[in-house]
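Reading the structure
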Amino acid sequence: MALTTRPEQRPTQAERRPSIALSFWQSTLGKKIVMGVTGLIMIGYLCVHMLGNTKIFFGPEEFNAYGHWLRVMGAPVLHHQWGLWIARVVLLASVILHGVSAYQLSRRDIKARPQKYVHTKPRMSYATRTMRWGGVILGLFIVWHVLDLTTGTTHSGGFQEGHPYQNVVDTFSTWYGNVIYIVAMLAMGLHVRHGFWSAAQTLGAGNRTRDRALKAIANALAIVLTVGFISVPVGVMTGVVS
Amino acid sequence: MKLTLRVWRQQNADSPGAMATYQVDDVSQDMSFLEMLDVLNEELILKGEEPVAFDHDCREGICGACSLVINGDAHGPERTTTCQLHMRSFQDGDTIDIEPWRAAAFPVIKDLVVDRSAFDRVIQAGGYITAPTGSAPEAHATPVPKADADYAFEHAECIGCGACVAACPNGAAMLFTSAKVNHLNVLPQGSPERETRVLDMVSQMDAEGFGGCTLTGECATACPKGIPLFSITAMNKEWLRASRKVKR
């Protein structure tokens, strides 16, 4: 029996199928995977960053020594500050890829419903609804945070290179430093709560049996990261760190 | 029951359209939602007005023709199709808002009727198995494990009504596409085209102008057939696997 399932003249789906890299960037699924992977990289970084921050409760010597170690991290294999710069490059690439994908996907999502419903009702959890604006707030916060405590450009008082303990105390001695930081950390917690669970689904790791565990991990990550980060300004405000 | 209906009226795809208000006085609690609309239309015809256009076919909840976003919910407050929704779900004196599915990929044809042929094109991209058809094959020729058969059937329940797209805040068709992909990909009959199916259906889904998934879960809540949200997770997994394996 002769069996022709596809007309000969037309290009087949296989011929029209783009390369892996292109199909990743062109597809909504591929862009979501980019967001999931970069998001997990950033969550991993946040965990390390938060743990490092808690060293501030053990005094200026230990905190400043930790700050110095970050610059010699990986030595003697890596040259001075190379470890730090590798981390910075990876993080910058993650933030950019995450943000660009989110922007492009959001544009697409808004275009996919040009006419809104007349009858609308509040839907979705708060964390889910605030992903987009929360992400923008976090992006702006990162810029301020780097200008404040890495370069010292917008730092209040005298920024001292190599004395992170004093710089942190200076920042959290101002009311706006505390407000910006705490608001951003609450936004971060909400973002991580929906983001971690979503990343697991996007990367195909979720299923019925694992769902409770994944949701529990997402909630635990959100709470531990938020509390851990906010403990530093609270420590300065209450005088535990001074 | 006496009801106030606010219905989306739109002459054709190019005209703007607006909500119109109607009173329906003679509604029984035992009527289905579509029978209630039939009553409205009979009154409109008697008055010499144009009846409200809406999609319907089997009225048994199995064909996927009926649609309607009722008070902001796709297929209304119960987890079923609009044809199987009964007026006992509403109170006497209620005001009910009735709108069409809203998505760029589902343009309004008239009133509450939308063009869902984007779904057909997603199916044409790979939602089938390529096999010689003829008389039914010997049932025992291809053994299917019970768990796989159950999984396939759970996803095969999708009737393609489009409630997932209507409910999704991004107008995404992920739940529909994933139901079709998972239904065929788990079965031995579907496995020869397992990789190309998911890649081609997803790229067609994107080409139709549906939005992307933000995992809000609105689709699975609205789905009258209970397709689970993890169907999307499973399709993501299939897509990742296919991206690595498919020959280009």
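Residues numbered from 1 in each chain as written. Chains lettered and ligands numbered in written order. Predicted model: local features only at pLDDT ≥ 70, side-chain atom pairs only at ≥ 80, totals over all residues. Heavy atoms only, no water.

The subject of this paragraph is the overall build of chain B. Of regular secondary structure, chain B possesses 8 helices and 7 strands. With respect to the principal axes defined by its C-alpha atoms, chain B has extents near 60 × 35 × 35 Å. Within the span of chain B, comprising 248 residues, buried residues form 56% of the whole. Sequence separation of at least 24 residues holds for 68% of the intrachain contacts in chain B that already meet a minimum separation of 6. (Helix = DSSP H or I, 4+ residues; strand = E, 2+ residues; numbered from the N terminus. Buried < 20%, exposed > 50% of the residue type's maximum accessible area, 1.4 Å probe, protein only. Contact = heavy atoms within 4.5 Å.)

Our next topic: the interface of chain B and chain A. Each side of the interface is counted separately: chain B has 52 residues, and chain A has 46 residues. Buried surface at the junction of chain B and chain A, summed over both partners, amounts to about 4100 Å²; 55% is from carbon and sulfur atoms. Linking chain B with chain A are 2 salt bridges, by the criterion used here. Glu154(B) is the salt-bridge partner of Arg208(A), the closest N and O atoms lying 2.7 Å from each other. At the junction of chain B and chain A, the tally comes to 21 residue pairs in polar contact (both at pLDDT 80 or more). If you list the elements that add at least two residues to the side of chain B that touches chain A, you get strand E1 (3-9), strand E5 (95-99), helix H4 (163-167), helix H6 (194-207) and helix H8 (230-245) of chain B. Per element, the largest residue contribution to the side of chain B that touches chain A is 7 residues, and it comes from H8(B). Across the side of chain B that touches chain A, the residue classes break down as 26 nonpolar, 14 polar and 12 charged. (Buried area = accessible area lost by both parts, 1.4 Å probe. Salt bridge = Lys/Arg side-chain N within 4 Å of Asp/Glu carboxyl O. Polar contact = N/O pair within 3.5 Å; in protein donor to acceptor, adjacent residues only side chain to side chain. Nonpolar A, V, L, I, M, F, W, Y, C, P; charged D, E, K, R; others polar.)

This part covers the domain arrangement of chain B. Residues and elements named next belong to chain B. In terms of domains, chain B is made up of domain 1 (3-109) and domain 2 (117-245). With centres defined by C-alpha atoms, the gap from domain 1 to domain 2 works out at 29 Å. Between domain 1 and domain 2, the residue contacts involve 16 residues of the former and 20 residues of the latter. A combined buried area of about 1200 Å² lies between domain 1 and domain 2, and 62% of that area is made up of carbon and sulfur atoms. Viewed at the interface, domain 2 and domain 1 are joined by 0 salt bridges. Here the side of domain 1 that touches domain 2 is built from residues that sort into 10 nonpolar, 5 polar and 1 charged. (Domains from an automatic or database assignment.)

Let us look at the packing of helix H5 (residues 174-185) of chain B against H8(B). Residue and element names in this part refer to chain B. Where H5 contacts H8, the two axes come as close as 8 Å, and the packing angle between them is 65 degrees. Comparing their axes, H8 and H5 come out roughly perpendicular. Judged by the sense of rotation from one axis to the other, the crossing of H5 with H8 is left-handed. When H5 is examined against H8, the residues Met-174, Leu-175, Thr-177, Ser-178, Ala-179, Val-181, Asn-182 and Asn-185 are found in contact with a partner set consisting of Ser-231, Ile-232, Ala-234, Met-235, Asn-236 and Glu-238. (Axes fitted to C-alpha atoms, helices over the stretch in contact; angles between N-to-C directions. Parallel < 35°, antiparallel > 145°, perpendicular 65-115°, else oblique. Left-handed = near helix turned anticlockwise from the far one by under 90°.)

This part covers the packing of helix H3 (residues 146-156) of chain B against H5(B). Pairs of packed helices are described in terms of their axes, by the angle between the two and the distance that separates them. Residue and element names in this part refer to chain B. Across the interface, H3 lies against H5 with an axial gap of 8 Å and an inter-helix angle of 150 degrees. Of the possible angle classes, the one that applies to H3 and H5 is roughly antiparallel. Two packed elements cross with a definite hand, and for H3 against H5 that hand is left-handed. For the pair H3 and H5, contact is made by Tyr-151, Ala-152, His-155 and Ala-156 and by Ala-179, Asn-182 and His-183, respectively. In terms of residue class, the contact of H3 with H5 is made up of 4 nonpolar, 3 polar and no charged.

A side chain of one charge can pair with a side chain of the opposite charge when the charged atoms of the two come close. All names here are of chain B. Taken as a whole and judged by the stated rule, the model has 16 salt bridges over all chains. The salt bridge involving Asp-111 is made with Arg-9; its shortest N-O contact spans 3.2 Å. Taken together, the residues span a long stretch of sequence, with Asp-111 in the loop between strand E6 (108-110) and strand E7 (113-114) and Arg-9 in strand E1 at a distance of 102 residues. Among the salt bridges present, the one from Arg-59 reaches Asp-38, with a minimum N-O distance of 2.8 Å. Of the two residues, Arg-59 is situated in the loop between helix H1 (33-46) and strand E3 (69-70) and Asp-38 in helix H1; the sequence distance between them amounts to 21 residues. Judged by relative accessible area, which is 25%, Arg-59 ranks as partly exposed.

Residues and elements named next belong to chain B. The buried count for E5 comes to 4 of 5 residues, which makes it a mostly enclosed element. Judged from the 2 bridges that link them, E3 and E5 form a sheet pairing that is antiparallel. By the bridge assignment for E5, Val-69 is matched with Glu-99. (Pairing = 2+ DSSP bridges.)

A few words on the UniProt feature "transmembrane region" (unreviewed entry) in chain A. Residues and elements named next belong to chain A. Mapped onto this structure's residue numbering, the UniProt feature "transmembrane region" (unreviewed entry) falls at residues 33-52, 82-105, 126-147, 175-192 and 213-236. Taken end to end, residues 33-52 is 100% helix and 0% strand, and its two terminal C-alpha atoms sit 29 Å from one another. With 95% helix and 0% strand, the stretch residues 126-147 has end C-alpha atoms that lie 30 Å from each other. (UniProt positions renumbered as here; feature names shortened; annotations may be inferred.)

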